[in-house]
Amino acid sequence: MRTETFTCVRCGLTVGVLDPSGGRRDHCPSCLHSRHLRDHVTGGPADCGARMTPIAIAVPRGGGWTLVHRCTACATLSTGQVAPDDNQLVLVRLAVRPIAQPPFPLEAFGDL
Ligand SMILES: [Zn+2]
Ligand SMILES: [Zn+2]
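Keep in mind the model is a prediction, meaning the values are calculated, not measured.

Student: Tell me about the coordination of the zinc ion (ligand 2), and please be specific about residues and values.
Tutor: Only His36 (ND1), Cys48 (SG), Cys71 (SG) and Cys74 (SG) from the protein coordinate the zinc ion (ligand 2), and they sit 1.9 to 2.3 Å from it. Each of the four donor atoms bound to the zinc ion (ligand 2) contributes to angles spanning 103 to 125 degrees, and the resulting shape is tetrahedral. Taken in sequence order, the residues that donate to the zinc ion (ligand 2) follow the motif H-x11-C-x22-C-x2-C. Here the residue Cys48 occupies a position in the loop between β3 (34-35) and β4 (51-58), and Cys74 occupies one in the loop between β5 (66-71) and β6 (77-81), the gap between them amounting to 26 residues. Residue class for Cys48 comes out partly exposed when judged on its relative accessible area of 30%.

Structure follows, in structure tokens:
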């Protein structure tokens, strides 16, 4: 049986397209970067092909973590499932970023 792989455009890691839970990966488990290969409006292939940077974690209704990517060329946003072996340090860094860099002082909540 031949295992399909792709090469990460950022760190060069060779990645099997299936994660340990059998889901299909759309990003690198090490640096979490992706490639703009799918048109997220039509669901068909996109001819962009540029690197997509992970910018945030979203939690959909029903729980779980979803990774939000933004294309470095055309700024398209896409979401993808977090895999069981994704780099947990990078995931947590993304998740705490809004709280670590608030646009207003958090001290105000100390009195609540
Ligand atoms: Zn990578
Ligand atoms: Zn793009």
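Following the structure, the description resumes.
Student: Mind laying out the pattern of salt bridges, listing which residues take part and the relevant values?
Tutor: Taken as a whole, this structure holds two salt bridges when the rule is applied. Salt-bridge contacts for Arg24 lead to Glu4; the nearest nitrogen and oxygen are separated by 3.5 Å. Taken as a pair, Arg24 in the loop between β2 (14-16) and β3 and Glu4 in the segment before β1 (5-7) lie far apart in primary sequence, 20 residues in all. On the accessibility criterion, Glu4 (42% relative accessible area) is partly exposed. A salt bridge links Asp85 to Arg25, with the shortest nitrogen-to-oxygen separation between them at 2.9 Å. With a gap of 60 residues between them, Asp85 in the loop between β6 and α1 (88-100) and Arg25 in the loop between β2 and β3 connect regions that are remote in the sequence. Residue Arg25 is classed as buried on the basis of its relative accessible area of 14%.

Student: I'd like a rundown of the coordination of the zinc ion (ligand 1), residues and numbers included.
Tutor: For a metal with four tetrahedral donors the ideal donor-metal-donor angle is 109.5 degrees, whereas six octahedral donors ideally subtend 90 or 180 degrees. For the zinc ion (ligand 1), the protein coordination sphere consists of Cys8 (SG), Cys11 (SG), Cys28 (SG) and Cys31 (SG), at 2.3 Å. In this structure, the zinc ion (ligand 1) is coordinated by four donor atoms arranged in tetrahedral fashion, with angles at the metal of 101 to 117 degrees. Sequence spacing of the donor residues for the zinc ion (ligand 1), all on one chain, is C-x2-C-x16-C-x2-C. In this pair, Cys11 is assigned in the loop between β1 and β2 and Cys31 in the loop between β2 and β3, connecting sequence segments 20 residues apart. A relative accessible area of 9% places Cys31 in the buried class.

Student: Which residues make up the side chain of Ser78, and what are the values?
Tutor: Assignment of secondary structure puts Ser78 in strand β6. Here Ser78 falls in the buried class, since its relative accessible area comes to 6%. If near-sequence neighbours (up to four positions away) are discounted, Ser78 is found in contact with His40, Met52, Leu67, Val68 and His69.

Here is what the cut-offs are and how they apply
- Residues numbered from 1 in each chain as written.
- Chains lettered and ligands numbered in written order.
- Predicted model: local features only at pLDDT ≥ 70, side-chain atom pairs only at ≥ 80, totals over all residues.
- Heavy atoms only, no water.
- Donors = N, O, S within 2.8 Å, 3.2 Å for Na, K, Ca; no water.
- Tetrahedral: all angles 85-135°; square planar, octahedral: opposite > 155°, others 65-115°.
- Helix = DSSP H or I, 4+ residues; strand = E, 2+ residues; numbered from the N terminus.
- Buried < 20%, exposed > 50% of the residue type's maximum accessible area, 1.4 Å probe, protein only.
- Salt bridge = Lys/Arg side-chain N within 4 Å of Asp/Glu carboxyl O.
- Contact = heavy atoms within 4.5 Å.

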